[in-house]
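Coordinate inspection notes
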Amino acid sequence: MKFNISIIGLGYIGLPLAIEFSKYFNVIGFDIDKKRVRELNEGIDRTKETVIKKNFSNNIYFTNNIKKLQNSNVFIITVPTPVMRNNKPDLSYLKKASEVVARNLKSSSIVIYESTVYPGCTEEYCCPILERLSGLRLNKDFYLGYSPERINPGDNKHKLKNIVKIVSGSNAHSLNLIKKLYSKIIKAGLHVAESIKIAEAAKVIENIQRDINIAFINECSLIFKKLNINSSKVLKAAETKWNFIPFKPGLVGGHCIGVDPYYLTYKAKKLKYNPKVILAGRKINNTMSFYIAKQVVEALKKTDENLKKKKILILGLSFKENCIDIRNSKVFDILNYLQRKKIKIDVYDPIIDRSDITKEHKINLLSRLEKKNYYDIIILAVPHLAFLSMGIEKIKKFGNKNLKIFDLKSVFSSTETYWQM
C-alpha cells in the first residue's frame, strides 16, 4: 500500500508528525485556522517547536481546503481534546475532524487518532461518525487505529522520533499497516497494544499518574509550610533513597496533565464508579494557585494594609517553563485573584506570543523589564531559562527595599527568597 497521508490539526502534535512523515511520504497538513496555514506555508511555526525546511516542500502541503484531502488514504487526527467548564470532555474538535475525514473517506483507507481520549472513545464515538457520513463500514471498507501522542512541548531532548510510540489497530491488517507507517519515523521503537482501548487507557493514565504524584508533593508542601520546614530540602534528603520518585511541587496547568484525568473519571462515572484518588489529586492541584495568591496577599498585609499601594511583578505566564503555550496556565488564577484585590500587577514573559493575550485578560504585559527598585513582590511563576540566566541578584534589583520573592518552583536557594513551594 502506498501511503498518502493527511494530518488533521497542525498544532504541537500534528506539525511535527507532518514534517517527519513528509521525509518519506506525500503529506497534506490540514487545519481550519487560515492564519496558521498561511504562516506554515511561509515557513513560520508560531509554537517554535519545529523548523520547516525548504527541502520538505515537495512532499508536504499545508491547507484549510477540505477538498485537498480527497486523494489521501491515511488520515491522522491530532486535534485538541479539552474539557468544558463543568470538566466534562469537550469532543467538539474530535467530532468536526471526524466529519472532515468521513467526507473524504474511501475504500481501504486508514483513520488513526492521536488525540487523548477516554478508553472506548475512538470506537464508540468517532467510528460511528465515520461510518454514518461516509457510508462505509469498519474493517470491511476502512480501518481504524489509535496511536497516542507523546509530544512534550519545550523539551528539546524528548522529540517525536526519540519517544517509543504505542500503536493499535481495529484488526490485524490495520495494525500491520500502522506499524509499517510509524516505524518509518519512530527511531525509539513501537509498542503494540492488543486493542485500541488499551492504547487509549495507557495514554490517559500517563498524565494522571503525574497529576497524582504532583498533588501528593503539593499537599506535603502545604503541611511542611505549617511545620516551618523547607520543602525543597525535605525532597533533596528523600531523594537519596534509590526508589524515591523525585516529583516537585508546583502549578499544574496546560492541556494535558490538568485535563486528561477528567476524561477517565468521566468514563468511570458513566460505568457507575465514583473515582476518589484521581479527583482528590485534581482538587489539590486546582487550588494551589489560589493558595499561593492568598500567601502573597498575606505577605503584603504584613507591611501595609493598603493593598492598592502595592506593586507586584509576575515572571512567566505560560503553563510550563520554556514553552510559549498559555492554555490552562494556572498563573492566570494568581493574576486574577490579585487583580480583584486592586493590586497593581505587571507581567513579563519574554517567550510567549503577545498576540495570544487578548483584551479579555486585562494584563499589563511588559515588553521588557526596566522598573528597578519598584516592586514589593516578585513572583517567579515559570522558571524559563531566560529568568534563570538572569540570576537571583539581578531579579532582586527590580524590587524595593521591602522586596519579597515568591519562587514557585524552588529554583533558587531558599536563603535568597521569601517563599517557596
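The notes below deal with the structure included here. Within any chain, residue numbers begin from 1 and follow the written order of that chain's sequence. Local features in this predicted model are restricted to residues whose pLDDT is 70 or higher, and side-chain atom pairs enter the listing and the counts only when it is 80 or higher, whereas totals over whole chains, interfaces and linings include all residues. Note that the side-chain values use all heavy atoms of the structure and ignore hydrogens as well as water.

Considering the packing of helix α8 (residues 260-270) against helix α9 (residues 277-301)
Contact geometry of α8 with α9 gives a least axis separation of 10 Å together with a crossing angle of 145°. When you trace α8 past α9, the crossing you get is left-handed. Contacts between α8 and α9 involve Pro 261, Tyr 262, Leu 264, Thr 265 and Lys 269 from the former and Ile 278, Leu 279, Arg 282 and Asn 286 from the latter. Here the residues of the contact of α8 with α9 are counted per class, giving five nonpolar, two polar and two charged. A fitted line through C-alpha atoms serves as each axis, taken over the contacting stretch for helices, and the angle formed by two N-to-C directions is quoted from 0 to 180°. Strands are runs of DSSP state E lasting at least two residues, helices are runs of H or I lasting at least four, and both sets are numbered from the N terminus onward. The sense of a crossing depends on the near helix, which, turned anticlockwise from the far helix by less than a right angle, makes the crossing left-handed and, turned clockwise, makes it right-handed. Pairs of residues are marked as contacts when any of their non-hydrogen atoms sit within 4.5 Å. Each residue receives one of three labels: charged for Asp, Glu, Lys and Arg, nonpolar for Ala, Val, Leu, Ile, Met, Phe, Trp, Tyr, Cys and Pro, and polar for the others, Gly being one of them.

Focus on the packing of aromatic side chains
Pairing of aromatic side chains here covers Phe, Tyr and the six-membered ring of Trp, requires ring centres within 6.5 Å, and sorts the geometry by plane angle: under 30 degrees stacked, over 60 edge-to-face, intermediate tilted. Overall, the coordinates contain seven aromatic pairs when judged by the stated rule. With a centroid separation of 6.2 Å and 50° between ring planes, the pair formed by Phe 21 and Phe 25 is classed as tilted. Only lysine NZ and arginine CZ atoms are considered, and such an atom sits over a ring when it is within 6 Å of the ring centre and within 35 degrees of the ring normal. Above the plane of the ring of Tyr 374 lies Lys 311, whose end atom (NZ or CZ) is 5.1 Å from the centre.

A short note on the pairing of strand β9 (residues 311-315)
The rule is simple: take the accessible area with a 1.4 Å probe, protein chains only, and divide by the maximum for that residue type; under 20% is buried, over 50% is exposed, in between is partly exposed. Most of β9 is tucked away, with five of its five residues classed as buried. Going residue by residue along β9, you find Lys 311, Leu 313 and Leu 315 tucked away on one face and Ile 312 and Ile 314 tucked away on the opposite face as well. At least two DSSP bridges between two strands are needed for those strands to be called paired. By the bridge criterion, five bridges tie β9 to strand β10 (residues 344-348) in an arrangement that is parallel. Across the sheet, the residue bridging to Lys 311 is Lys 344, located in β10.

Considerations on the packing of helix α4 (residues 121-134) against helix α6 (residues 196-226)
At a minimum axis separation of 9 Å, α4 and α6 run at an interaxial angle of 110°. What the angle tells us is that α4 and α6 run roughly perpendicular. Facing Cys 121, Thr 122, Glu 123 and Glu 124 of α4, the residues of α6 in contact are Ile 196, Lys 197 and Glu 200. Each residue belonging to the contact of α4 with α6 can be placed in one class, and the counts come to two nonpolar, one polar and four charged. What sets the label is the angle itself: under 35 degrees gives roughly parallel, over 145 gives roughly antiparallel, 65 to 115 gives roughly perpendicular, and the rest give oblique.

Function cannot be inferred from these measures alone, as they are strictly geometric.
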